[in-house]
Amino acid sequence: GAGVSQSPSNKVTEKGKDVELRCDPISGHTALYWYRQRLGQGLEFLIYFQGNSAPDKSGLPSDRFSAERTGESVSTLTIQRTQQEDSAVYLCASSLPLGTTHTQYFGPGTRLTVL
Amino acid sequence: QQQVKQSPQSLIVQKGGISIINCAYENTAFDYFPWYQQFPGKGPALLIAIRPDVSEKKEGRFTISFNKSAKQFSLHIMDSQPGDSATYFCAAVGTGSARQLTFGSGTQLTVLP
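A.B. asks: Tell me about the overall build of chain B, and please be specific about residues and values.
C.D. replies: Scanning chain B for helices and strands turns up zero helices and eleven strands. Secondary structure elements in chain B, listed N-terminal to C-terminal, are β-β-β-β-β-β-β-β-β-β-β. At 14 Å, chain B has a C-alpha radius of gyration in line with the 13 Å of a compact globule built from 113 residues. By residue count, 44% of the 113 residues in chain B fall in the buried class. Put simply, 53% of the contacts in chain B that link residues at least 6 apart link residues at least 24 apart.

Printed below as a string of C-alpha cells:
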C-alpha cells in the first residue's frame, strides 16, 4: 500500500519568507508526527497529532512554527519568517493508534534550504 | 539536552564482518527502544526494536543487546553486507502521551566489498 508522502521534496526559500510543508499519512493512521533533521544529526520531535485531540506542540522550537491537521488526514507544517537555522530536512511520520503499536512510518522528507 | 547518546559517529567494516553500534540513555521513563535504518534521500525505516524487560532480540543478521541496569543498548549486524551501508539511529520512546521518538545522533555505516 501507499506509504507516507510529503511535498515538496525540496524547497529553497529566502530568509524572511513563509513556507508550508505537506504530509499525507498512511490511511487509517490516526497518529501523525513531525520531526526535524539537521545535517548530520538525529531527528528532533516537533509536534504530534492524535485523532481529534489537541496536538502536542512541546517540540516546536519557536512561535514561528505551527502545524495543522485536517481530521485524520493531511497535515501541514508552516514556518513563518524563515531563518537560515531553519534549513533542515523535515520528516513526517504516522502510526496506528497509540497502544496498538509503537512503529512510526516515515515519509521521505522535505529538504528546506533558507538562503 | 541529549537524552540518547550514540557512538560511533561513523563505522567502516569489511564485508562479512560484525558492525556494532552503541547507545546509552538517561531517562528511565523510556520503555521501548527501536533502531532505524536510513538510506540517503529516504526517511528512516524501523529495523528492529526491543522492550526493556528483554536482554536480547535477534532478527536475522540483526541483534539488539539491552542492559537495563547500565541504561545501554547496542545493535549488532552480523555478516555485514555492502547493502547494509546506511545511517543507523537508535531511539527511545517515552511514556508521555505523545510517545514520540527521541533519537541518537546517528552512525554512518560503510561496509566495504
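A.B. asks: Account for the interface of chain A and chain B, naming residues and giving values.
C.D. replies: Of the residues lining the interface, 18 residues belong to chain A; the matching set on chain B comes to 19 residues. Summing both partners gives a buried area of about 1,500 Å² for chain A against chain B, and 57% of it is carried by carbon and sulfur. It is Leu43(A), His102(A) and Phe106(A) in chain A that bury the most area against chain B; as a group they hold 37% of the surface buried on that side. For the pair chain A and chain B, the interface holds zero salt bridges. At the junction of chain A and chain B, the tally comes to four residue pairs in polar contact (both at pLDDT 80 or more). Going through the elements one at a time, strand S4 (31-37) and strand S5 (43-50) of chain A are the ones with two or more residues in the side of chain A that touches chain B. Residue composition of the side of chain A that touches chain B, by class: nine nonpolar, eight polar and one charged.

A.B. asks: Quick one: what's the story with the state of the cysteines, residue by residue and with numbers?
C.D. replies: The tally for this structure, following the rule as stated, stands at two disulfides over all chains. One disulfide bridge connects Cys23(A) with Cys92(A), the sulfur atoms lying 1.9 Å from each other. With the S-S bond torsion at -60 degrees, the cross-link from Cys23(A) to Cys92(A) turns out left-handed. Of this pair, Cys23(A) sits in strand S3 (residues 19-24) while Cys92(A) sits in strand S8 (residues 88-95); the two residues are 69 residues apart in sequence, bridging distant segments of the chain. Since its relative accessible area comes to 0%, Cys92(A) is described here as buried. Covalently, Cys23(B) is tied to Cys90(B) through a disulfide, its sulfur atoms 1.9 Å apart. Disulfide Cys23(B) to Cys90(B): torsion about the S-S bond roughly -95 degrees, handedness left-handed. Here Cys90(B) lies in strand S9 (residues 86-93) and Cys23(B) lies in strand S3 (residues 19-25), a separation of 67 residues in the sequence. Like Cys90(B), Cys23(B) is buried.

A.B. asks: Which residues make up the side chain of Gln37(A), and what values do they have?
C.D. replies: Structurally, the position occupied by Gln37(A) is in strand S4. A polar contact of 3.4 Å, which involves the side chain of Gln37(A), links it to the backbone oxygen of Gln41(A).

A.B. asks: Can you lay out the sheet that holds S3(A) for me, pointing to particular residues and giving the numbers?
C.D. replies: Residues and elements named next belong to chain A. The sheet built from four strands is open, its strands ordered S1-S3-S7-S6 with antiparallel pairing. Every other strand in the sheet has two partners, leaving strand S1 (5-7) and strand S6 (65-69) as the edge strands with one partner each. Ignoring which end each strand starts from, the neighbouring axes of this sheet average 15 degrees apart. As paired elements, S6 and strand S7 (residues 75-79) share five bridges and run antiparallel to each other. Within S7, the position partnered with Phe-65 by the bridge is Ile-79.

A.B. asks: I'd like a description of the sheet that holds strand S8 (residues 72-77) of chain B, backed by residues and values.
C.D. replies: All names here are of chain B. The five strands lie next to each other as S1-S3-S8-S7-S6, forming an open sheet whose pairing is antiparallel. The open sheet has two edge strands, strand S1 (4-7) and strand S6 (56-59), and neither has a second partner. Neighbour-to-neighbour, the strand axes of this sheet turn through a mean angle of 15 degrees, independent of strand direction. Note: S3 against S8, six bridges, orientation antiparallel. Residue Ile-21 lies in a different strand from S8, and its bridge partner there is Leu-75.

Rules of the game
- Residues numbered from 1 in each chain as written.
- Chains lettered and ligands numbered in written order.
- Predicted model: local features only at pLDDT ≥ 70, side-chain atom pairs only at ≥ 80, totals over all residues.
- Heavy atoms only, no water.
- Helix = DSSP H or I, 4+ residues; strand = E, 2+ residues; numbered from the N terminus.
- Rg over C-alpha atoms; globule rule 2.2 N^0.38 Å.
- Buried < 20%, exposed > 50% of the residue type's maximum accessible area, 1.4 Å probe, protein only.
- Contact = heavy atoms within 4.5 Å.
- Buried area = accessible area lost by both parts, 1.4 Å probe.
- Salt bridge = Lys/Arg side-chain N within 4 Å of Asp/Glu carboxyl O.
- Polar contact = N/O pair within 3.5 Å; in protein donor to acceptor, adjacent residues only side chain to side chain.
- Nonpolar A, V, L, I, M, F, W, Y, C, P; charged D, E, K, R; others polar.
- Disulfide = S-S within 2.5 Å.
- Pairing = 2+ DSSP bridges.
- Axes fitted to C-alpha atoms, helices over the stretch in contact; angles between N-to-C directions.

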